[in-house]
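A closer look at the structure
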Amino acid sequence: MDKDLTLSIIKPNAVRNKKIGKIISVFEESSLTIKKAKLTRLNKSQAEAFYKEHVDKPFFDELVGFMTSGPIMVLILEGANAVEENRRLMGATNPAEAEQGTIRSLYADSMTENAVHGSDSQKSAHSEIAFFFDE
């Protein structure tokens, strides 16, 4: 069976609230395997570059400010249908709509501070992994 890769980011609010271990446990109890992980911090230009597809949206500046507000944990996850599995584990972007027991239902503070980011396609997973991990 082919294994795919995806990127996950544990966002600053979840790091600040000491939820890294609990979120990693969700991944470890799933069919996904953590291939690489690192704690890092985005500066403003890195955050703007990472979220460039949202530059014209009203929430862009708030998102950049939030993502630069503290350290983040970046992970490469591997498994069959890794993108889809990670998105299922995360839950809906809006935590109020996230299924009970998903990462966002448990650890999100708001729509912006929703605890985690996950690649939305194989194509974005490839470019997002390259953004954080020079392989």
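Quick look at the structure, then. (Residues numbered from 1 in each chain as written. Predicted model: local features only at pLDDT ≥ 70, side-chain atom pairs only at ≥ 80, totals over all residues. Heavy atoms only, no water.)

1. Section: unusual backbone geometry
Residue Lys18 is not a glycine yet carries a positive backbone phi of 60°. Tracing the backbone through its elements, the reader meets Lys18 in the loop between α1 (12-16) and α2 (20-28). Lys18 sits in the exposed class, given a relative accessible area of 72%. Located in the positive-phi region is Ala115, a residue other than glycine, with phi close to 80°. The residue Ala115 is located in the loop between α6 (103-107) and β4 (116-118) in this model. (Helix = DSSP H or I, 4+ residues; strand = E, 2+ residues; numbered from the N terminus. Buried < 20%, exposed > 50% of the residue type's maximum accessible area, 1.4 Å probe, protein only.)

2. Concerning the pattern of salt bridges
Here the structure, examined in full by the defined rule, presents 3 salt bridges. The closest approach of N and O atoms between Lys44 and Glu48, which form a salt bridge, is 3.1 Å. Pair noted here: Lys44 and Glu48 are both in helix α3 (residues 44-50), with a separation of 4 residues, about one helical turn. According to the relative accessible area criterion, Lys44 is exposed, its value standing at 55%. According to the relative accessible area criterion, Glu48 is partly exposed, its value standing at 28%. (Salt bridge = Lys/Arg side-chain N within 4 Å of Asp/Glu carboxyl O.)

3. Concerning the nonpolar core
By size, the foremost hydrophobic cluster in this structure holds 19 residues, and its most contacted members are Ile10, Ile23, Phe27, Leu75 and Ile103. Listing elements by their share of this core, those giving two or more residues are α1, α2, β3 (72-79), α5 (82-90) and α6. At 5 residues, the largest contribution of residues to this core is made by α2. Not counting the four nearest positions on each side in its chain, Ile10 is found in contact with Val15, Ile20, Ile23, Ile24, Ile72, Met73, Leu75, Ala115 and Val116. Counting 17 residues, the second-largest nonpolar core is a separate cluster that includes Phe66, Met67, Ile76 and Phe133. (Core = buried A, V, L, I, M, F, W, Y, C linked by side-chain atoms within 4.5 Å. Contact = heavy atoms within 4.5 Å.)

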